[in-house]
Amino acid sequence: MAATGPPAPVDGPWTRPARALDDWLINHKVVFSATTASLFSTFAGFPLDSLKSRLQSSRESISIPRLAADVIREEGVGGLWRGFPLPLVTISIVRTISFTIYTSTKRILNSIPGVPSTPDQTLAGAGGRTADTSGRPAPPTPWIDVRLGLFTHDSARDVALTSALAGGASGAIVCLGSAPFELVKVRRQLEYQIWRDKQALAGVGAGTQAAGGSPSAPAPAAASHAASPSFRRQYDQPSHAHHASSSSSAAASLAPARPQAKAPKPFVPPTTLQAVRAIVEQSGPLGLWTGFRLHFVRDTLGTALYFAEYDVFRFWLGRKRADPAAAARDGQGQHEGARGLGLVQGDLPDWARAWLPQQLVPFLCGSVAGVTSWALIYPVDAIKTKAQQRALSGLGPRTPLAQFLRLVRGTDPAHPKPLLMGIARLYRGLGVSMARSMLTHGLLWTIVDWTGAWIDTRPIARLVA
């Protein structure tokens, strides 16, 4: 008995617009999927990212639960999402652009000259706009229609090289525009600590340099100058001072009075626009790119590692490159589909089939890739965050090497810290950062995968049929 397909949809007033919208979604699947996934994953992981930045810049050892409790007590629950609206928009834009550059670079590297790169082009002719067998128009010709034919074998090596080059290109290009937004995000997350550093630098609430105070020591937010322990240790008299002679007391009474420190101004968190204005007023427009070199290294290496690891993990778990002709006959591939990347999810290997549901493959691969790549470039991020905090606080700059040595070996060259202790300090906040990476990147790829599969079903046409 011949197999029968689904009944043809009945044409109605909404049928043509629905088909047009489905065609638009399919041709812009990467943009729509990445934007949707970024919105949800950014919101879920932002509190952990805020705690990570605070741990990296903290001068004292503090546990994550205690830090979170301190933030909630001093700033309210909203303190965990301080500065959230700007990253919600910018991270979504950055990730959408990043995914677009990544997929386009992969297409340029893998496409063989003279061979159509998508099933639709196989049926319609390279660059054509005629419809395929299902009546759907072929995607438009790419803006950069270059085909290098590199790394075309279906092997882990070629997958890794392709994804590393595509990811590195994506990170290098995107960081040019994302660096100012990253700096503003750090400024908003650390604004309380930056405020304390500026108060200490000005000698407010922490004593002046002339009185022995250190301009680099943070001033307590609500403590008075006279109540600070350092003040008491320096100026309180020892017990035998009560037996000093009256002449000494009289001489001491004639000594000039010490200058009184000004009372600290109350902390008022600035808005995002005020934070941007403060950076520009302090360092000029180019100040928005403070720490750009470290940001460039972090994003280029981190994005290359991230995409390479994710694609290799997916390859090991059964995802293969689709044959264009076979995928075209099937109409669409599973999950990411025959369109765009030309990848299909096959059966799981025997070693993973017993314990890993296929629906969790994107979450697992995204989480592992996010955690491992982030752990490798985490020291660069820690040095970048510290350098940006010092610049925003008005403190003198340090070279990356000098900041690295201070983090690892301590501030006293004569008595350096043990190496393992210094490395542990360098990775301060890694635990919360790993939790954030697992959550955000797992959700990101799961939603990207699910959204791509949903678009392939032509949901708008089904809704109005």
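The written sequence of each chain sets the order in which its residues are numbered from 1. The predicted nature of this model means local features are confined to residues of pLDDT at least 70 and side-chain atom pairs, given and counted, to a pLDDT of 80 or more, with totals for whole chains, interfaces and linings taken over all residues. Only hydrogens and water are set aside; all other atoms, that is, all heavy atoms of the structure, feed into the side-chain values.

Of the regular secondary structure elements, the protein chain holds 18 helices and two strands. For each residue, the accessible area found with a 1.4 Å probe, counting protein chains only, is set against the maximum for its type, and the residue is called buried under 20%, exposed over 50%, and partly exposed in between. Within the span of the protein chain, comprising 465 residues, buried residues form 44% of the whole. Note on contacts: a residue pair qualifies if any of its non-hydrogen atoms lie within 4.5 Å across the two residues. Sequence separation of 24 or more characterises 77% of the internal contacts of the protein chain that already satisfy a separation of 6 or more. Helical segments are the DSSP runs of H or I of at least four residues, strand segments are the runs of E of at least two, and each set is numbered from the N terminus.

Moving on, we come to unusual backbone geometry. Positive phi, close to 55 degrees, is recorded for Phe151, a residue that is not glycine. Tracing the backbone shows Phe151 in the loop between helix H5 (119-124) and helix H6 (156-189). With a relative accessible area of 22%, Phe151 lands in the partly exposed category. For Arg458, which is not glycine, the phi torsion reads 55 degrees and is therefore positive. Turning to its location among the elements, Arg458 is positioned in the loop between helix H17 (430-456) and helix H18 (459-464).

Another point: the environment of Leu392. Inspection of the secondary structure assignment puts Leu392 in helix H14 (residues 361-393). Taking the C-alpha atoms as reference points, Leu392 and Trp195, separated by 197 residues in sequence, lie 9.5 Å from one another. Apart from residues lying up to four places away in sequence, Leu392 is in contact with Leu183, Arg187, Ile194, Lys198, Ile279 and Gln282.

Tracing the backbone through its elements, the reader meets Gln345 in strand S2 (residues 343-345). The sequence separation of Gln345 and Gln358 amounts to 13 residues, and the corresponding C-alpha distance is 9.1 Å. Side-chain atoms alone can form a polar contact between residues adjacent in sequence; in general such a contact is a pair of N or O atoms within 3.5 Å, and within protein one must be able to donate a hydrogen while the other accepts it. Polar contacts involving the side chain of Gln345 include one to the main-chain carbonyl oxygen of Leu317, which spans 2.9 Å.

Looking now at the packing of H14 against helix H15 (residues 400-409). In the contact formed by H14 and H15, the axes pass within 10 Å of each other and the chain directions differ by 105 degrees. Here H14 lies roughly perpendicular to H15, going by the angle between them. Seen from H14, the contacting residues are Ile383, Lys386 and Arg390; seen from H15, they are Pro400, Gln403, Phe404 and Leu407. What counts as an axis is a line fitted to C-alpha atoms, over the stretch in contact for a helix, and the angles between N-to-C directions run from 0 to 180 degrees. Roughly parallel here means an angle under 35 degrees, roughly antiparallel means over 145, roughly perpendicular means 65 to 115, and every remaining angle is called oblique.

Now for the packing of aromatic side chains. Any two aromatic rings considered together are summarised by their centre-to-centre distance and by the angle between their planes. Note on aromatic pairs: the rings of Phe, Tyr and Trp (six-membered ring only in Trp) are paired at centre separations within 6.5 Å, and the planes decide the class, stacked below 30 degrees, edge-to-face beyond 60, tilted for the rest. Taken as a whole, this structure holds twelve aromatic pairs when the rule is applied. On the basis of an interplanar angle of 90 degrees and a centroid distance of 6.2 Å, the ring pair of Phe307 and Trp445 is categorised as edge-to-face. Taken together, the residues Phe307 in helix H11 (residues 292-316) and Trp445 in helix H17 connect sequence positions 138 residues apart. The pair Phe307 / Trp445 is uniform in exposure class, with both members buried.

Interpretation note: all reported values are geometric properties and have no functional meaning in isolation.
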